[in-house]
2 protein chains.
Amino acid sequence: MNKTKMWKLGILVLIPLIIFLIPPPEGLPLIGWRLFGLYLTAIVGLVIKPYSEPVILLGTVAASAVTIGNTPLPENMVLKPDAVLSGYQSGTTWLVFAAFTLSAAFVTTGLGKRIAYHLIDRMANTTLKLGYVTAFLDLLIAPATPSNTARAGGIVFPIMNSVANALGSDPVTNPRRAGHYLMLNVYMVTKSTSYMFLTAMAPNALALSMMAPILKINLSWGQWALAAAVPGLICLLLTPLVIYFCYPPELKKVNNKEIAAKGLKELGPMKVSEKLLLVIFLMALGGWIFSKYLRIDAATVALCVMACTLIINVVSWDDVLKNKGGWNTLIWYGGIIGLSATLTKAGFFKWLADVLQTTLQFGDHSTIALLVILFISVAIRYLFASGGAYVAAMVPVFATVGHVAGANPMLLALGLLFSNAYGGCMTHYGGAAAPIIFGAGYNDTKSWWIVGAIIGFGSLLVHCTIGLAWWEFLISKGYISLATTLVR
Amino acid sequence: MNKTKMWKLGILVLIPLIIFLIPPPEGLPLIGWRLFGLYLTAIVGLVIKPYSEPVILLGTVAASAVTIGNTPLPENMVLKPDAVLSGYQSGTTWLVFAAFTLSAAFVTTGLGKRIAYHLIDRMANTTLKLGYVTAFLDLLIAPATPSNTARAGGIVFPIMNSVANALGSDPVTNPRRAGHYLMLNVYMVTKSTSYMFLTAMAPNALALSMMAPILKINLSWGQWALAAAVPGLICLLLTPLVIYFCYPPELKKVNNKEIAAKGLKELGPMKVSEKLLLVIFLMALGGWIFSKYLRIDAATVALCVMACTLIINVVSWDDVLKNKGGWNTLIWYGGIIGLSATLTKAGFFKWLADVLQTTLQFGDHSTIALLVILFISVAIRYLFASGGAYVAAMVPVFATVGHVAGANPMLLALGLLFSNAYGGCMTHYGGAAAPIIFGAGYNDTKSWWIVGAIIGFGSLLVHCTIGLAWWEFLISKGYISLATTLVR
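Predicted, not measured: the structure shown is a model, and the values here were computed from it.

Novice: Can you break down the overall build of chain A residue by residue, with the values?
Specialist: Of the regular secondary structure elements, chain A holds 22 helices and zero strands. Against the globule reference of 23 Å for 488 residues, chain A gives a C-alpha radius of gyration of 23 Å, in line with a compact fold. Per-residue burial over chain A gives 60% buried out of 488 residues. A sequence separation of at least 24 residues applies to 81% of the contacts in chain A between residues at least 6 apart. A distance of 4 Å separates the average location of the 32 positive side-chain charges in chain A from that of its 18 negative side-chain charges.

Novice: Tell me what's going on with the interface of chain B and chain A, and back it up with residues and numbers.
Specialist: Each partner contributes to the interface: chain B provides 44 residues, whereas chain A provides 44 residues. Contact between chain B and chain A buries roughly 4,000 Å² in total, counting both sides, with carbon and sulfur atoms accounting for 71%. When the area that chain B buries against chain A is broken down by residue, the three leading residues are Leu58(B), Gln89(B) and Trp317(B), summing to 16%. Where chain B touches chain A, the interface holds two salt bridges. Measuring nitrogen to oxygen at the nearest pair gives 3.3 Å for the salt bridge that ties Asp318(B) to Lys324(A). Summed over the shared surface of chain B and chain A, the number is ten residue pairs in polar contact (both at pLDDT 80 or more). Elements with a minimum of two residues in the side of chain B that touches chain A: α3 (53-70), α4 (91-109), α14 (298-311), α15 (317-322) and α16 (324-345) of chain B. Ranked by residue count, the leading element in the side of chain B that touches chain A is α3(B), at ten residues.

Novice: Any details on empty space enclosed by the protein? Residues and values, ideally.
Specialist: Scanning the entire structure with this criterion turns up six cavities of 30 Å³ or more. Taken as a whole, the largest cavity spans an internal volume of roughly 50 Å³. Lining the largest cavity we find Ala65(A), Pro81(A), Asp82(A), Leu85(A), Gly91(B), Asp297(B), Ala299(B), Thr300(B) and Leu303(B). At three residues, α14(B) tops the list of elements feeding residues into the lining of the largest cavity.

Novice: So what about the domain arrangement of chain A? Which residues, and what values?
Specialist: Interfaces are often described in size by the accessible area the parts lose on coming together. Under the domain assignment, chain A is made up of domain 1 (1-86) and domain 2 (91-200 + 221-329). Summarising the inter-unit geometry, the C-alpha centres of domain 1 of chain A and domain 2 of chain A are found 38 Å apart.

Novice: I'd like a rundown of helix α19 (residues 387-404) of chain B, residues and numbers included.
Specialist: Quick reminder: α-helices carry 3.6 residues per turn. Residues three or four places apart thus point the same way. Across its 18 residues, α19(B) extends 25 Å between first and last C-alpha, which sits within 8% of the 26 Å expected from 1.5 Å per residue. Taking burial as the measure, the 18 residues of α19(B) include 16 buried ones, the bulk of the element.

Novice: Give me the relation of the copies chain B and chain A: which residues, what numbers.
Specialist: The transformation that overlays chain B on chain A combines an axial shift of 0.0 Å with a rotation of 180°, and the residual RMSD is 0.0 Å. In symmetry terms, the pair is related by a two-fold rotation axis.

Novice: Pulling in residues and values, what's your account of the packing of aromatic side chains?
Specialist: Geometrically, a pair of aromatic rings is defined through the distance of the ring centres and the angle of the planes. Under the criterion given, the structure shown has 51 aromatic pairs over all chains. A centroid spacing of 5.3 Å and a plane angle of 90° characterise the contact between Phe106(A) and Phe281(A), whose relative ring orientation is edge-to-face. Placement of the pair is Phe106(A) in helix α4 (residues 91-109) and Phe281(A) in helix α12 (residues 272-289), with a sequence separation of 175 residues. As far as burial versus exposure is concerned, Phe106(A) and Phe281(A) are alike and both buried. A ring pair is formed by Tyr181(A) and Tyr244(A), whose centres lie 5.5 Å apart and whose planes are at 85°; its orientation type is edge-to-face. Taken together, the residues Tyr181(A) in helix α8 (residues 179-193) and Tyr244(A) in helix α10 (residues 221-246) connect sequence positions 63 residues apart. Tyr244(A) shares its class with Tyr181(A); the two are buried. Members of the aromatic cluster, connected to one another through ring pairs, are Tyr88(A), Trp94(A), Phe97(A), Trp317(A), Trp327(A), Tyr88(B), Trp94(B), Phe97(B), Trp317(B) and Trp327(B). Looking at Arg381(A), its charged tip hangs above the ring of Tyr390(A), at a distance of 4.4 Å from the centre.

Novice: Before we move on, could you go through the nonpolar core and cite the residues and values that matter?
Specialist: One broad trend across soluble globular proteins is that nonpolar side chains are buried collectively. Of all hydrophobic cores here, the largest spans 366 residues; its most connected members are Ile336(A) and Ile336(B). Beyond its immediate sequence surroundings of up to four residues, Ile336(A) is in contact with Tyr39(A), Ala42(A), Leu46(A), Leu57(A), Leu206(A), Met210(A) and Ala392(A).

Novice: An account of the side chain of Asn185(B) is requested, with residue identities and associated values reported.
Specialist: Within the element layout of this structure, Asn185(B) appears in helix α8 (residues 179-193). Non-local contacts of Asn185(B), meaning those with residues more than four positions away in its chain, are made with Gly131(B), Thr134(B), Thr239(B), Pro240(B) and Ile243(B).

Novice: Please set out a nonpolar patch on the surface residue by residue, giving values where relevant.
Specialist: Taken together, the side chains of Val13(A), Leu14(A), Leu17(A), Ile18(A) and Ile22(A) make up a nonpolar region of the molecular surface, amounting to roughly 440 Å² of accessible area. Locating Ile18(A) in the fold gives a position in helix α1 (residues 3-21).

Novice: Describe the pattern of salt bridges, and please don't skip the residues or the numbers.
Specialist: Residue and element names in this part refer to chain A. For the structure shown, the criterion picks out 20 salt bridges over all chains. A salt bridge links Glu266 to Lys262; its shortest N-O distance comes to 3.8 Å. A residue pair is termed a helical-turn pair when its members lie 3 or 4 positions apart in one helix, as Glu266 and Lys262 do in helix α11 (residues 256-267) at four residues. For the pair formed by Glu266 and Lys262, the shared burial category is exposed.

What counts and how
- Residues numbered from 1 in each chain as written.
- Chains lettered and ligands numbered in written order.
- Predicted model: local features only at pLDDT ≥ 70, side-chain atom pairs only at ≥ 80, totals over all residues.
- Heavy atoms only, no water.
- Helix = DSSP H or I, 4+ residues; strand = E, 2+ residues; numbered from the N terminus.
- Rg over C-alpha atoms; globule rule 2.2 N^0.38 Å.
- Buried < 20%, exposed > 50% of the residue type's maximum accessible area, 1.4 Å probe, protein only.
- Contact = heavy atoms within 4.5 Å.
- Lys, Arg positive; Asp, Glu negative; His and termini not counted.
- Charge placed at Lys NZ, Arg CZ, Asp CG, Glu CD.
- Buried area = accessible area lost by both parts, 1.4 Å probe.
- Salt bridge = Lys/Arg side-chain N within 4 Å of Asp/Glu carboxyl O.
- Polar contact = N/O pair within 3.5 Å; in protein donor to acceptor, adjacent residues only side chain to side chain.
- 1 Å grid on protein atoms, 1.4 Å probe; cavity = no way out; pocket = protein on both sides within 12 Å on 5 of 7 lines; lining within 4 Å.
- Points joined across faces, edges and corners; volume = space filled by probe spheres on them.
- Domains from an automatic or database assignment.
- Expected span 1.5 Å × (residues − 1).
- Least-squares fit on C-alpha atoms with pLDDT ≥ 70 in both.
- Phe/Tyr/Trp six-rings, centres within 6.5 Å; stacked < 30°, edge-to-face > 60°.
- Lys NZ or Arg CZ within 6 Å of the ring centre and 35° of its normal.
- Core = buried A, V, L, I, M, F, W, Y, C linked by side-chain atoms within 4.5 Å.
- Patch = residues over 30% accessible without salt bridge, like charges linked within 9 Å, V, L, I, M, F, W, Y side chains within 5 Å.
- Areas by Shrake-Rupley, 256 points an atom, 1.4 Å probe, with all protein chains shown as cover.

What follows is the structure in structure tokens.
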């Protein structure tokens, strides 16, 4: 173990130790205080990363279970050690895990690439249009690819990388010819499509499940897509153009027919597995859109879809076993969801809200509070290298503060759920696909951060104006409403 | 997809279809009947295996969730689709998954081999004593190696295989010189140690968690070990000797010093990771034995131990990701436990008990019923290629029938929990390690089945005589008692 790791581990041991030694603040039961200490440890661990996420979570989950068994509970509280494992029963965890299989299938079958080359063939005779093809392609497969690594990193990036190469743009000698523009665009576009569907990015479901008990809201897959559609499409349509103006590629015209023909030739004729995947993809979409009428929730749809892909052998179980991203996500999402649910049960967030209520005085300025929270939710992303860590650390806090400030819970929820995705575009470490794309070598930090800030804060502006108006309209028409009963 | 697979898949589709078309028997709610159809599908799937276990379970879990959402529930029943995911919150699932990490660590660090060679060096100057060293070694590491594949297949088998080789016994030319005896012994011994600790075989915890709600019993790690100790040690001590008499190896004397020296030289000096694993192993044992005083359950101990091995880097997270057996078990155990719990909630086992109560007439012969059930539980194992499939299919049925017959629930539980392990010794496909050992080529089916029958039914005899007496003694002294509250 090297020195840095030792230091980081030391910090993670100290946090709970110190909190366990300090008596709990007034109004918070001892168990809530101690569990908060361990939750804080998990969050700090996710940020400073002495170990990978699953290890951090397994450690804090185990410690939390021991703590529950060894801390006296208030008389009216029932809390069992296995409560911290509740995240592994959560539909959220299984939704993400199951949809990862579908993400992987788009990569392994080659269907994603095939769609891409067809789009290039039809539409992309300029570099700008290549940018729009990227946006359209990403949007098309986003509903079934919550793994950004699979979608942007595994499908869109490799194609645009080889296109840049075919256009004679080299990372060292002439990145600005085409690659610089195309790569930036791949990332910025995927951060916009990521909030357009519940299933377009893994942390979406995580954020929703953490916010739901605090704000007493719920959203179906269809409601999510509806709310995101207007601000999302506007941002998505503007993105390739804005980047084009900021850093215009030297090459304007593209011989798209040649590129597409070569790519399609390499793929060969359409395989049975691709056709089957197409059917399954449409089934998944149908399931999510019509889940209300089918009487199944989004997680069950994802499970059915996963089972189907395995049964008709579009993906083999061995492929699933090898898909490390899926297992990592299963373990650490399940862990953090369980910890957060336990913390809620132990009365922590209620206590936090009570404290904030007496200390923060927003008066009648609940809308200003909402806007300030959304601004901070984007700006703070410069500090987070992982969307998941941001969700675990900040979403419950933002939700509680906004709730106390009297902001409309649904507007607050939608604002935060969406900024969770586009907030990640601002840095070259803001999302899982970023290092892959940045690693291609076409881009420099400065231009990435400049474009990232423009797209990030630009999206914020769109969401705080047109977005808020659209959501208020949807609420007023009853398309979206505060749920009376919570679906876990 | 080949023809056999198509046929098998057809059967699995037909089973729920037929059951869904038939109206439910009197007294069983529609939802209980339909869920039973899917549970039956899972069991048949586990037996005929058109796919690996996790795929079968993911499919039936998804179908059960859809069924719950689309079947009218009786007025007094609350059942949500995510109930079928409850197995993934179950301590049983996590106990097994976490302990798999420890199993793997014994193999990867080389600690298992080192202990083996030291034992050979000290004790094994004849082939019979080699048999006893095998038994002792297996018993020593059994408490922390629920993966039979890791313990027998990954540690004990490779050593005894190379010992047989060093003794000049070849699978083709002269298997009877030593290999035939040593290999048979490795397998029979591991089937005896497998029931001596809750954590010595993966299906143990599974069987307990399926039996507990039906028989209203519970067992701690320590109570399990105590109950198994007397019959287990007797069987374990007899096993090497019995096989020795049935098929005496031609070679009697062994140059153990030379074999041990060579093996230890290959291992080199003891590594830090081995020392750390030894400490962790002792911690795990301590945790399980004193769990009552530490106020933590066996699953939490296993989680803590897993977290420790990862944090001090005895096992890396990447090793865990590569350990396919662990993930397979997590998915399919969690699935079957969830299905079984849902079936219980839907009133199926209560209904089954009511029906059996009126049709089966045991009168005052509850002890005979107990003995008959135990006999069948062993004999039926000729039909099952997997211990897990046997547990899922038969354990709930045996428990229900025994309960109805008025057998002492704790005697019935202990009898079934233990026969679950030694019942697997009868065939060369009875447990996960069997194909590995049989595959070495020293053994033929006939001698394996003869010895298996002797050890299997011999163990049954010991358990039905000395075992029953010992358990009755423990119950009368209050060391083991029927739990008033159930720990899930």
